[in-house]
Amino acid sequence: MTPWTTAIGNTVRMWWQRWRDDQLPAMAGGLPSPSRRALLTGGGAVAVGAGVTGAVVGRYMSAADTSGTSFLDVRQFGAAGDGKTDDTRALQKALDAAAAGAGLVFLPAGVYLTRRLVLGSNVHLRGAGGDTTVLRLHPGANSAILESDGFARLSGTDDAGGILGFSIRDLALDGNKGENPDGGFGLRIYGCQYELSELIVFNCRQDGVYSEWSGTAGLPGLSHQMEARLTAVRSHHNGGSGFNFNGPHDSMFVNCLAFENEGIGFRLAGEAHATSMVNCHGWGIAQPVSFDLAALAIGCVNCYADFNGGIGVRISRNDCRWWGGFVIGGNHTGDRREIGIQFVPGPVDGEPAGCVIDTKIMNCATAAVDFGNGFGNRSTVRASLTQPGVHTDGAYVAGTGKPWIGTPNRTCRIEILEGLTDPAKSLVVSPAFEMRAQTVRGLPQADSVRVFVRVAGGRTQLCAQFPDGTVRVLGSE
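So, a few notes on the structure that sits alongside this text.

Conventions adopted
Residue indices follow the written sequence of each chain, beginning from 1 at its first position. Side-chain atom pairs in this predicted model are given and counted only at pLDDT of 80 or more, local residue features only at pLDDT of at least 70, and totals for whole chains, interfaces and linings cover all residues. Excluding hydrogens and water, the side-chain values take into account all heavy atoms of the structure. Here a salt bridge means any side-chain nitrogen of Lys or Arg lying within 4 Å of a carboxyl oxygen belonging to Asp or Glu. Secondary structure elements are defined from DSSP: runs of H or I of at least 4 residues count as helices, runs of E of at least 2 residues count as strands, and each element is numbered from the N terminus. The buried label applies to any residue whose accessible area, calculated with a 1.4 Å probe on protein chains only, is under 20% of its type's maximum; exposed applies above 50%, and partly exposed to all values in between. Two rings belonging to Phe, Tyr or Trp (six-membered ring only in the last case) form a pair when the distance between their centres is within 6.5 Å. Interplanar angles under 30 degrees mark stacking, angles over 60 mark edge-to-face geometry, and anything in between is tilted. Buried residues of nine kinds, namely Ala, Val, Leu, Ile, Met, Phe, Trp, Tyr and Cys, make up a nonpolar core once their side-chain atoms join them within 4.5 Å. Contacts between residues were defined by any pair of non-hydrogen atoms, one from each residue, lying within 4.5 Å.

### Some points on the pattern of salt bridges
Working step 1: Enumeration over the complete set of coordinates arrives at 14 salt bridges.
Working step 2: In this structure, arginine 136 engages aspartate 174 in a salt bridge whose closest nitrogen and oxygen atoms are separated by 2.9 Å. Of this pair, arginine 136 sits in strand E7 (residues 133-137) while aspartate 174 is found in strand E10 (residues 167-174), placing the two residues 38 residues apart along the sequence.
Working step 3: You can call arginine 136 partly exposed: its relative accessible area is 27%.
Working step 4: The network of salt bridges with shared partners includes Asp358, Arg382, Arg413 and Glu415.

### Overview of the packing of aromatic side chains
Working step 1: According to the stated counting rule, one finds 11 aromatic pairs in the structure shown.
Working step 2: Aromatic side chains phenylalanine 253 and phenylalanine 266 sit 6.3 Å apart centroid to centroid with 85° between the ring planes, which places their arrangement in the edge-to-face category. In this pair, phenylalanine 253 sits in strand E17 (residues 252-254) while phenylalanine 266 sits in strand E19 (residues 266-268), placing the two residues 13 residues apart along the sequence.
Working step 3: In this structure phenylalanine 253 comes out as buried when scored by relative accessible area, which is 0%.
Working step 4: Classification of phenylalanine 266 by relative accessible area gives buried; the value is 0%.
Working step 5: Relative to phenylalanine 371, the ring of phenylalanine 343 lies with its centre 6.1 Å away and its plane at 5°, an arrangement referred to as stacked. Of the two residues, phenylalanine 343 sits in strand E28 (residues 338-343) while phenylalanine 371 sits in strand E30 (residues 367-373), which places them 28 residues apart along the sequence.

### Details of the nonpolar core
Working step 1: The biggest cluster of nonpolar side chains holds 75 residues, and the ones touching the most others in it are Phe253, Phe266 and Phe291.
Working step 2: Residue contributions to this core peak at five residues, all from helix H5 (residues 88-102).
Working step 3: One finds Leu154, Phe185, Tyr210 and Trp213 within the second-largest nonpolar core, a separate group that totals nine residues.

### What to know about the environment of leucine 427
Working step 1: Inspection of the secondary structure puts leucine 427 in strand E36 (residues 427-429).
Working step 2: When the C-alpha atoms of leucine 427 and glutamate 415 are compared, they prove to be 5.9 Å apart, with 12 residues separating the residues in sequence.

### Observations concerning the environment of histidine 237
Working step 1: Mapping histidine 237 onto the fold places it in the loop between strand E15 (234-236) and strand E16 (243-246).
Working step 2: Its relative accessible area of 39% is what places histidine 237 among the partly exposed residues.
Working step 3: With 47 residues separating them in the primary sequence, histidine 237 and glycine 284 have C-alpha atoms 9.5 Å apart.
Working step 4: When near neighbours in sequence (up to four residues on either side) are disregarded, histidine 237 contacts Lys177, Asn203, Cys204, Phe259, Glu260 and Asn261.

Structure representation (structure tokens):
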């Protein structure tokens, strides 16, 4: 190659590089994009598919290149992530900078020891994965790890305010309950329009995830949605509930797990009405209830209640649904009752009503279904059972493994079947009128017939009365 052709080649490459650097922001949809230097200093990690930390840090989080962009590395603010240093001040500075307009806060792999951190609107918190990025509550903090701005002021008010438009993903929240004996939450939120994804919350003295918002139908400003979206969130070994969800309404849980919590696995109450749950799994001997449907119109599709002593699914509000999925006990031999699906009274007289159950239930030591004292008005319950009861030393324990207990409401449609060859373990009830003997005054109107019950000669008779007064006995006991 001649010096002349080399000079032309260098000039073409220079102009090409300048044009590409100028076009990158536009090609990214107008969002701030990494400079060519940031791409090059990534050491080829992006091209060869290196780990998340290397790729993200190399492309976006270089201290030399993030000034003025929407990506903030907490290490730029002094966070150590060594599991020993108190990183509270550094982490809060990064969150405050993001709330002021910078947007995304990145936490590289490490253990960040922290006290309560305040989260604002439109902040997006990202880790390098739940197994590598951990926010651990500082010993003696006895607080939430992450808490929405204004939580204490707004909680319990039904105010339509709170934070919105934020997200948390790819990290873990460790409540460090052994070092925080007086309290501690993983995450406490008063707000809406948020997303949690690939988040692990564990070892908290109180609830793992607590969320609350107003029952208002209005939204604070321009919005693409009202609800919260929780995807692949795992909440476990907490002293309270795994998920204590009290709103926003119309939210979605997909592929979430709640296990071995000392409170309830999934508790949906308050303003969580019309929330949908898909492929969620609650399990563990420590949890007294796997799913507590204590808000209106909760829909659970293909969810799994797996428990060993306690309640699989508890329903106390109208129009809740449990479709498909599985409800399985452990034929528990301890003191706690073990019930697959339980209807209990709600806060409004007559609740729960209008519920729909269609599922498989098995191995519940006490009973597969507990109807209580006639709860479940206008509900449909369809369940296939496998209820062998408790066996100790090879012998059946009398009174265990019942198909149902309590009294179904007369307006329910029920099909509880444990083998068609054993009618004693099956219950089929269709809504019907119940007629009782009573005094009837006057004759039926023209072109009509009155059907009634009377007692004559000590026997109950089903009768028809015609407009001319004639009475015909249709049947007698």
